[in-house]
Structures are given as structure tokens and as C-alpha cells.
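Chain by chain, the residues:
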Amino acid sequence: MKRVFSGIKPTGHLTLGNYLGALRQWAEVDQHRADALFCVVDLHALTVEHDPARVRRLSRQAATLLLAAGLDPRLCTVFVQSHVDEHARLSYLLECVATDGEMRRMIQYKEKAARERERGGSVRLSLLTYPVLMAADILAYATDEVPVGDDQAQHVELARDLAVRFNQRYGHTFVVPKATLPPVAARVMNLQEPASKMGKSDDFGPGIVYLLDEPDVVRKKVMRAVTDSGQEVVYDRAGRPGVANLLEILAACTGGEPEALSAGYASYGELKKDTADAVVEALRPLRARHQELCADPGYVERVLREGAEKARAMARPVVDGAYRAIGLLPPLEEPAAEPMAAAGAPTGPGAVASLNAAR
Ligand code: TRP
């Protein structure tokens, strides 16, 4: 069975874009077809200015929403990144394989760093090294496939390069992963800025449908979506991005095709109304399940604890293998309870095994 790994960053409230573009696919497809891990990547939320209490709150909320979206801990592993030390352990080794130039070429880094500098702010070093930590997330689990949006394709490509380079230099250690992009046009755009993605960390609040928005708020946001000049409802992504976005959202929620759906509408108003209803319906079960889970925080905590244990058990041997391969000494055995044998030779199966492994 294929190993699948993906992660979601707790930098904002999760959106309709996260759901249609990722979570729904994870729940409906990936967890059934693969040995899948889904991770709230909280360490990644620290690469830009952050409020500790907010990160904690958003991490717990993201984990709860993953379960509310239908991830089933009997089928997949749901956990929080910082609960498993292997990510940070492996990240350092990969920093010793990646180059400075490679990091500075990352598109997302260039954009985010430029934006930060424009604001007169400083850029955290972790923003530069972030793709290495992401590579560690992926490689620690011998991941075959990484379902991500296309904005993450370059980072997965880096993970591949690092895996190949490490294997060539130090012997076969890592599975070389590949990105799998979401099949349908599940790229939801901001309702007020249809040229940019509906991202959770963005500032265009009125154009973002949050998963926990009340139904009347969802309706209002969809009804106020920016449409294009013109009257007829046609599906034209480049020429009519606002209408195309609504048609794609409607299609994603109802299982239709944007092009075919466009024929059924004579006005933008009707399209918006149906889209609003479809979004509210699509989110209804998720909201209901979220409420149940919030009433039972002990359950979520237990899922995350067991998830972290399972994840650790998978990552540990891979990362230990990388430590050996790159030239680090194996961990020292606990001193034996009885005095060492006279010759000072190590005793016990553990000691012998670790010496052998060191050769
Ligand atoms: N960088 C990803 C994002 O911003 C989140 C992420 C972190 C991730 N580690 C990952 C995704 C590992 C897939 C696999 O969306």
C-alpha cells in the first residue's frame, strides 16, 4: 500500500478552499486507498510573526476540523507535528544536504520575504529553511505521495532532490516522494479577489468562506462575491474569473461540471444563490460533526496522542537510519546495572547490536 503524507499549517481558520482543495480529497479518497498520515504542521506556523496562544488554539481547531471533515483515525493517522521529535531531528540533517542557493531560489520564500521587507519587518531564518523542514516531514515517513496544491509543488520537488542526493552520498535511506495535485479544478479563489487563492492567512476576510462561518454569513459572502462585467453566465476562467470561481465552487459542491452548469443560469444572482445554498449544504455535516467533537475534547486529545505514537513509531527507524548513514554515532546504551566485565567488553545483545551497527 502506498504511503501518503500531507500537512496543514495552523496559520488561520480553515477555509472552503482548504476543504474543497484538500481535506475532502483526503477523507473521501486518500485515507481509503493508502496508508495515510495527516499532520497539523504547527512548527511551520512559527516562521512568521505569531501569537503563541493563537497558534495553540488554531492547532487544536485544525485537528478537530480534520476529524470533522471525515478523517477516520481507524483508517489514517492524524497528529500534530511538534508531538513527534523526528521532524526537527531530520530537518537538521537535511540542512546539511541542502544548499543555501537552493533555499533562496524558492518562489514562496522570495515572495514572502520581499513582502515582509517591504513592511519594514525582519525575515525569520526559519522562513528560509522552512522547505527543509517540510522535506523532513515527508521523508521521515518513507512517503510515496504528497497530495498538495500546486503552490507546494516546488517544495515537494526539493524533498525529492534532497532524498536523491542523500541516498547517493550516504547510501539508500529515503523513499523518493512525488506530489499528487488535486484532480478537479479544486482551486478555490478569493470571492473578492478572484485572481488570488482563498488562503487562510490572507487579509481579504469578506472574500473567504471559513469552515466555521454560520450559514447566513456564508450566504452573505457568496452573494457579495465579485462578478465580472457582462450579463450572461459563461465559464471563462481567464476572461471571467469571478463567475468561473462561483461555477467551480458550485460544481465542486454538487458534483457537476462548471461548463455544463453555466448553461442553466440566466443571471449572476441565480448563480450566486444556488452556489450559496450548495456551500451551506456541503459544510453542514462538517459543522455538525465539529460541534460534537467540541463537546468531547477528551476524544480529540486521545486521537492526537495515539496518532503521535503511531507516527513516531513509523518515523523513528527512518530517522535513526539517516543518523547512522550520515556519520553520527549510535546512541549510547544505558550503563548496565551490574559492573562492566573485567575486560571492558560490552555485554548484552543491545550493546553488541549497536556496535555492529556502528561499523
Ligand atoms: N507547506 C505546506 C503548506 O503551506 C504545509 C506542509 C508542511 C506540508 N509540511 C508538509 C504539506 C508536508 C505536505 C507535506 O500548505
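Computed from a predicted structure; not experimentally measured.

Conventions used here
Residues numbered from 1 in each chain as written. Predicted model: local features only at pLDDT ≥ 70, side-chain atom pairs only at ≥ 80, totals over all residues. Heavy atoms only, no water. Helix = DSSP H or I, 4+ residues; strand = E, 2+ residues; numbered from the N terminus. Buried < 20%, exposed > 50% of the residue type's maximum accessible area, 1.4 Å probe, protein only. Contact = heavy atoms within 4.5 Å. Areas by Shrake-Rupley, 256 points an atom, 1.4 Å probe, with all protein chains shown as cover. Lys, Arg positive; Asp, Glu negative; His and termini not counted. Charge placed at Lys NZ, Arg CZ, Asp CG, Glu CD. Near = heavy atom within 4 Å. Polar contact = N/O pair within 3.5 Å; in protein donor to acceptor, adjacent residues only side chain to side chain. Nonpolar A, V, L, I, M, F, W, Y, C, P; charged D, E, K, R; others polar. Phe/Tyr/Trp six-rings, centres within 6.5 Å; stacked < 30°, edge-to-face > 60°. Lys NZ or Arg CZ within 6 Å of the ring centre and 35° of its normal. Domains from an automatic or database assignment. Buried area = accessible area lost by both parts, 1.4 Å probe. Core = buried A, V, L, I, M, F, W, Y, C linked by side-chain atoms within 4.5 Å. Salt bridge = Lys/Arg side-chain N within 4 Å of Asp/Glu carboxyl O.

A. Broad picture of the overall build of the protein chain. Per the secondary structure count, the protein chain includes 13 helices and 5 strands. Seen along its three principal axes, the alpha-carbon backbone of the protein chain occupies a region of about 90 × 45 × 40 Å. Out of the 359 residues in the protein chain, the part that is buried amounts to 47%. Residue pairs in contact within the protein chain that sit at least 24 positions apart in sequence constitute 74% of those at least 6 positions apart. Accessible surface, the protein chain as shown: approximately 17,800 Å² in total, 54% of it carbon and sulfur. Of the charged side chains in the protein chain, 44 are positive and 47 negative; the average position of the first set lies 2 Å away from that of the second.

B. Fine view of the environment of Ala-313. Inspection of the secondary structure assignment puts Ala-313 in helix H12 (residues 297-326). A relative accessible area of 55% means that Ala-313 is categorised as exposed. For the pair Ala-313 and Thr-275, spaced 38 residues apart in sequence, the C-alpha separation works out to 44 Å.

C. Structural context of the site of the ligand. Of all residues adjacent to the ligand, which total 13 residues, the nearest are Lys-9, Tyr-130, Met-134, Asp-137 and Gln-152. Within the side chain of Gln-152, an N or O atom sits 3.0 Å from a nitrogen atom of the ligand. Alone, the ligand offers 370 Å² of accessible surface; in the complex the protein occludes 91% of this. No other element matches helix H6 (residues 125-139), which puts 4 residues into the shell around the ligand. Split into classes, the residues belonging to the shell around the ligand amount to 7 nonpolar, 4 polar and 2 charged.

D. Examining the packing of aromatic side chains more closely. Applying the stated rule across the entire model yields 6 aromatic pairs. Between the aromatic rings of Trp-26 and Phe-38, the centroid separation amounts to 4.7 Å while the plane-to-plane angle is 20°, which identifies the pairing as stacked. Taken together, the residues span a long stretch of sequence, with Trp-26 in helix H1 (residues 16-33) and Phe-38 in strand S2 (residues 35-40) at a distance of 12 residues. Relative to Tyr-141, the ring of Phe-79 has its centre 5.9 Å away and its plane inclined at 55°; by these criteria the two rings are tilted. Taken together, the positions of Phe-79 in strand S3 (residues 77-80) and Tyr-141 in the loop between H6 and strand S4 (145-147) put the pair 62 residues apart, joining distant regions of the chain. As far as the burial class goes, Phe-79 and Tyr-141 line up, both buried. Here a set of aromatic residues connected by ring pairs shows up, and it is made of Phe-5, Phe-79 and Tyr-141. In this arrangement the basic side chain of Arg-89 is found over the ring face of Tyr-323, its NZ or CZ atom lying 4.2 Å from the centre.

E. Representation of unusual backbone geometry within the structure. One non-glycine residue with positive phi stands out, namely Ala-142, at about 50°. Within the secondary structure, Ala-142 sits in the loop between H6 and S4. Overall, the relative accessible area of 24% leaves Ala-142 in the partly exposed class.

F. Broad picture of the domain arrangement of the protein chain. Domain annotation for the protein chain reports domain 1 (3-186 + 297-326) and domain 2 (215-291). The contact between domain 1 and domain 2 buries some 950 Å² in all, and 72% of this surface belongs to carbon and sulfur atoms. In this assembly, domain 1 and domain 2 are joined by 1 residue pair in polar contact (both at pLDDT 80 or more). Sort the elements by how many residues they give to the side of domain 1 that touches domain 2 and helix H2 (residues 52-68) lands first, with 5 residues. Across the side of domain 1 that touches domain 2, the residue classes break down as 9 nonpolar, 2 polar and 1 charged.

G. Here's a closer look at helix H3 (residues 86-95). Judged by how many residues are buried, H3 sits mostly within the fold: 7 of 10 residues are covered. For H3, the set of buried residues is Glu-86, His-87, Arg-89, Leu-90, Ser-91, Leu-93 and Leu-94. Where H3 is buried, its residues touch strand S1 (3-8), S2, S3, H6, helix H7 (153-170) and H12.

H. Spotlight on the nonpolar core. By size, the foremost hydrophobic cluster in this structure holds 57 residues, and its most contacted members are Leu-23 and Val-209. Sort the elements by how many residues they give to this core and helix H11 (residues 268-294) lands first, with 10 residues. Residues lining this core come from more than one domain, with at least three contributed by each of domain 1 (3-186 + 297-326) and domain 2 (215-291). Excluding residues that lie within four positions of it along the chain, Val-209 makes contacts with Thr-15, Leu-16, Leu-191, Met-198, Val-218, Lys-221, Val-222, Val-279 and Leu-283. Of all hydrophobic cores here, the second largest spans 42 residues; its members include Ala-113, Val-148, Ala-308 and Ala-315.

I. Representation of the pattern of salt bridges within the structure. Applying the stated criterion to the full structure yields 23 salt bridges. The shortest N-O distance in the salt bridge between Glu-102 and Arg-165 comes to 2.4 Å. Here the residue Glu-102 occupies a position in helix H4 (residues 100-104), and Arg-165 occupies one in helix H7, the gap between them amounting to 63 residues. Residue Arg-284 is joined to Glu-281 by a salt bridge in which the shortest nitrogen-to-oxygen separation is 2.6 Å.

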